Amino acid sequence: MHLSTDLGVWIAALLTLGILSFLYKDNPAYKLCEHLFVGVSAGYYVVLNYFSVVKPNLLDKLFGPGPDYFLIVPLILGVLLFSRFFPKGDWLSRWSIALILGVYPALRITGFGQGDFVEQIHGSMLPLWVPGNPAATVNNWLLIGGLLATLIFFFFSKEHKGALGGTAKVGVYFLMVSFGASYGYTVMARISLLIGRVMFLLHDWLGVLHL
Amino acid sequence: MGFVTWLAKLDRRWIFLAMGLLVLGPLIRPLSLPLTVSRPVQGFVNAIDAVPHGSTVLMSCDYDPASIPEMVPMTRTAFRHLLSRDCRVVITCLWAGGSGLIDSVLTEGAREFPSKSYGQDWVNLGYKSGNEAVMVVMGQGIINAFPRDFRGNACETLPIMRSVRNYSSFPLLVNISAGYPGTKEWVQQVQARFHLPMVAGVTAVSAPEYYPYLQAGQLQGLLGGMAGAAEYETLVKAPGLATRGMDAQSLAHIFIALMILLGNLAALPQRSSGGKS
Amino acid sequence: MKREVPLFLTAAIGLFMIASFFVPHHWVSVPADFLQACAIIIVAFGYVLGGANVLRVNLEGISRREPDWGHKIVLVVSLIVTFVIGIVDGMRAHGSFPAEGSGSKWIYDNLYATMSATMFSLLAFFIASAAFRAFRIRTLEAGLLAVAALIVMLGRVPVGDVMTHGLPEQIRLGVLQQWIMDFPQNASKRAILIGAALGVMATGLRVILGIERSYLGGEE
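Report follows, based on the coordinates. Counting restarts for each chain, with residues numbered from 1 along the sequence as it is written. Here chains are named by letter from A upward and ligands by number from 1 upward, in the order in which they appear as written. Given that the model is predicted, a residue must reach a pLDDT of at least 70 before its local features are reported, and side-chain atom pairs must reach 80 or more before they are shown or counted; all residues, however, enter totals for whole chains, interfaces and linings.

1. Section: the overall build of chain B
- Looking only at helices and strands, chain B features 12 helices and six strands.
- When the backbone C-alpha atoms are referred to their principal axes, chain B occupies close to 75 × 40 × 35 Å.
- By residue count, 59% of the 277 residues in chain B fall in the buried class.
- What counts as a contact here is a pair of residues whose C-beta atoms, placed from the backbone, lie within 7 Å. For chain B, contacts bridging at least 24 residues in sequence account for 72% of all contacts bridging at least 6. Note on conventions: DSSP H or I runs of at least 4 residues are helices, E runs of at least 2 residues are strands, and numbering of each starts at the N terminus. With C-beta atoms placed from the backbone, the exposure class of a residue follows from how many other C-beta atoms lie within 10 Å of its own: 20 or more, buried; 12 or fewer, exposed; in between, partly exposed.

2. Quick look at the pairing of strand β4 (residues 173–177) of chain B
Residue and element names in this part refer to chain B.
- Of all five residues in β4, five are buried; the element is thus mostly enclosed.
- Residues of β4 alternate between two faces, with L173, N175 and S177 on one and V174 and I176 on the opposite face, all of them buried.
- Pairing between two strands requires that DSSP report at least two bridges joining them. Across five bridges, the pairing between strand β1 (residues 56–62) and β4 is parallel. Pairing of L58 across the sheet is with L173, part of β4.
- Bridge analysis of β4 against strand β5 (residues 198–202) gives five bridges, and the strand direction is parallel. Counterpart to S177 in the pairing with β5 is V202.

3. With respect to the sheet that holds β5 of chain B
Residues and elements named next belong to chain B.
- Pairing within the open sheet is parallel, and its six strands lie in the order β3-β2-β1-β4-β5-β6. Where the open sheet ends on each side, the last strands, each with one partner, are β3 (122–127) and β6 (222–224). Within this sheet the neighbouring strands show an average axis-to-axis angle of 15 degrees, counted without direction.
- On top of the sheet, helix α5 (residues 99–110) reaches β1, β2 (88–93) and β3; it is set at about 170 degrees to β3, its chief contact. Each axis is a line fitted through C-alpha atoms, taken for helices only over the stretch in contact, and angles between the N-to-C directions span 0 to 180 degrees.

4. Some details on the interface of chain C and chain A
- With 97 residues of chain C at the contact, the number on the chain A side is 97 residues.
- Broken down by secondary-structure element, the contributors of at least two residues to the side of chain C that touches chain A are α1 (4–22), α2 (26–63), α3 (69–92), α4 (103–133), α5 (140–155), α7 (173–182) and α8 (184–208) of chain C.
- Of the residues that constitute the side of chain C that touches chain A, the class distribution is 68 nonpolar, 20 polar and nine charged. All amino acids are sorted into three groups, where Ala, Val, Leu, Ile, Met, Phe, Trp, Tyr, Cys and Pro are nonpolar, Asp, Glu, Lys and Arg are charged, and the leftover types, Gly among them, are polar.

5. Remarks on helix α11 (residues 225–235) of chain B
Residues and elements named next belong to chain B.
- The element α11 is extensively covered by neighbouring structure, given that nine of its 11 residues are classed as buried.
- For α11, the complete set of buried residues consists of G225, M226, A227, G228, A229, A230, E231, Y232 and E233.
- Residue K237 follows α11 closely and has a positive phi angle near 60 degrees.

6. A few points about the packing of helix α4 (residues 68–84) of chain B against α11 of chain B
Residues and elements named next belong to chain B.
- Where α4 meets α11, the closest approach of the two axes is 8 Å, and the angle between their N-to-C directions is 25 degrees. When the axis of α4 is compared with that of α11, the two are roughly parallel. Handedness of the crossing formed by α4 with α11: left-handed. In this structure, α4 uses P69, E70, P73, M74 and T77 to contact α11, whose residues at the interface are G225, M226, A229, Y232 and E233. The scheme is simple: roughly parallel for angles under 35 degrees, roughly antiparallel for over 145, roughly perpendicular for 65 to 115, oblique for anything else. Should the near helix be turned anticlockwise from the far one by less than a right angle, the crossing is left-handed, and should it be turned clockwise, the crossing is right-handed.

7. Some thoughts on α2 of chain C
- Along its 38 residues, α2 of chain C runs 55 Å from first to last C-alpha, staying within 8% of the 56 Å computed at 1.5 Å per residue.
- In the segment just after α2 of chain C, R65 of chain C is the residue with positive phi, at about 50 degrees. To estimate how far a helix should extend, the number of its residues minus one is multiplied by 1.5 Å.

8. Remarks on the pairing of β5 of chain B
All names here are of chain B.
- For β5, the buried fraction is high: five of the five residues fall into the buried class.
- Residues M198, A200 and V202 of β5 are buried on one face, and the alternating residues V199 and G201, pointing to the opposite face, are buried as well.
- Tracing the backbone out of β4, into helix α9 (residues 183–194) and back to the parallel element β5 gives a crossover that is right-handed.
- In terms of strand pairing, β5 meets β6 through three bridges, oriented parallel. Handedness of a crossover is defined as follows: with both strands directed away from the viewer, a clockwise route from the first strand across the helix to the second makes it right-handed.

9. Notes on the interface of chain A and chain B
- Taken together, the contacts link 41 residues of chain A with 47 residues of chain B.
- Secondary-structure elements contributing two or more residues to the side of chain A that touches chain B are α2 (28–63), α4 (93–123) and α6 (162–205) of chain A.
- With 17 residues, the top contributor of residues to the side of chain A that touches chain B is α6 of chain A.

10. Looking at unusual backbone geometry
- In this structure, P181 of chain B follows Y180 of chain B across a cis peptide bond, with omega equal to -5 degrees.
- Assignment of secondary structure puts P181 of chain B in the loop between β4 and α9.
- Between F97 of chain C and P98 of chain C the backbone carries a cis peptide bond, its omega angle lying at -10 degrees.
- The topology assignment puts P98 of chain C in the loop between α3 and α4.
- With a phi angle near 55 degrees, H195 of chain B is a residue other than glycine that sits in the positive phi range.
- Inspection of the secondary structure assignment puts H195 of chain B in the loop between α9 and β5.
- Unlike most non-glycine residues, K237 of chain B shows phi in positive territory, near 60 degrees.
- With respect to the helices, strands and loops of the structure, K237 of chain B is situated in the loop between α11 and α12 (241–276).
- Taking the C-beta count within 10 Å as the criterion, K237 of chain B has 6 such neighbours and is therefore assigned exposed.

Following this line, the structure appears as structure tokens:
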């Protein structure tokens, strides 16, 4: 065992154990770590956005050599966001939000339309008969049939009765399989996060793990 | 007290303890279980291997420290893979909490290639807020979105950026992402709009939702979670943290499966008494 | 005017941005790029606003001696210290943030990254507890979900292939898992993607056309 001599690693290890103590029960050590985390995150994000975006993309270009005077617009709109702190003037922030809500929905409409809607339908145009490969044929039928059955399940404009109801039921079965698969992958994700923390404690702090 | 009754009354903290021990054990005493490489991971490697030597590749690392065990092994291995093929790499980050971590990972990875220099063979452009808007602005000009790199240098002065204009300057996009903004947005805004070939490494939570993109050819390869990272390390013969973690992952999965079965066993008496009344 | 101007701006900018997807002419693409650059900068200001709001809310909580006000002091002090150290480091390093060897990098590595990673690692324990207490197989659908979950969970890790090593290749857990991901799971996820795409496009149009106005807040 080679205990770390780095003060930072010791503080990190103690904070890790403080947060993990929540598993026993909620306690002041956990609450301290939680509030410390929120404070550090908020302070860090503010400074990061200033030096990563506001300074290089706005201030340097507006007040530097060969200034781009059009950038006075985002400067004013950005400052107007802070009008939310003043009850009488908070309506001014709506102008800044209006620009955001003009740009992003438009990007998402075209992005989802092209990337998700058109391309996914294109990807579903599969051959229903693959010569010499019965497995591929069955799988393609499964893919297209499952897709249609699930889409029919999400069609709520007509009551799910008769043939429509039966197809929707098949769609539900496909959905359950996909939720089960997602659950399996989610389990893997959560456990790997714990593995990472345990590796830190064993390798970086206690020095009992050799990688 | 019967076994089933004992199960029904089990304090969850015993479950927490068992989980902790099952993760700890294999890390201290590895089981060295063999890994099988899956097709999506093979596709990821093939796509990078198909990139001509000396090309400049765009790599977007969109994650923060919460996803270190899954994302860092992927980033490290992909970065090494690209540098070993004499590719030049331009890295961006769209998550506020990730830029410091990613720079550390890249700097450490670059030390294994002393002949590769920062600014010439690789550059970290750092973080930019704006999500999809950044992706589309990069389509007109990478420097439009990133006038300076992570270290404060003006991008137009860096040798690697002289040959980079927009997405047409790259043969491939390697995206390592943990959520929003990430792979989905890159597919929608960049792959679909600018037709840039793309591979992705994602967290296991989001991996299932990207299989349709993989099947449709919008993604040429996909790494899903720590297992995907471990398979990638195996394929490029560079076992690392992900490979080391797979034994613990295996035992933990068996434990979860057992918990599902035991939980239903513990609930059986309640169901049968409910049925009788 | 306090509502009409923002609604008009949203509609005009939104429709213009949709048009820019289809029209490559520089009369459209140059203003569209400018609008996107503005959006990037305003989002950054939004983060600054968020940090300031966290400070304001917690300072109010401390002055009113709300429960946990002692912990709120820790929050406020850590926020201010991180901010001040960050500004000083950023100015010294000519905009590089967080620079290697700086106080901000130390705070990032040993405080922020550590606590962020550990907070999420708690989920591993809760998912085990939830699997025991909440995962109940009472119907055919739940059974289907459970079977798929078990196959994928065990097939995705090396132990799955070890457990089914002696079986024919087509029914080994690893192969079954991959088949589930490639076909039945894929079909359902694709349907969800297509449905969600329709929903996002509809909602986006509602926002742009001013039908959805909740972002404007109160009546005035």
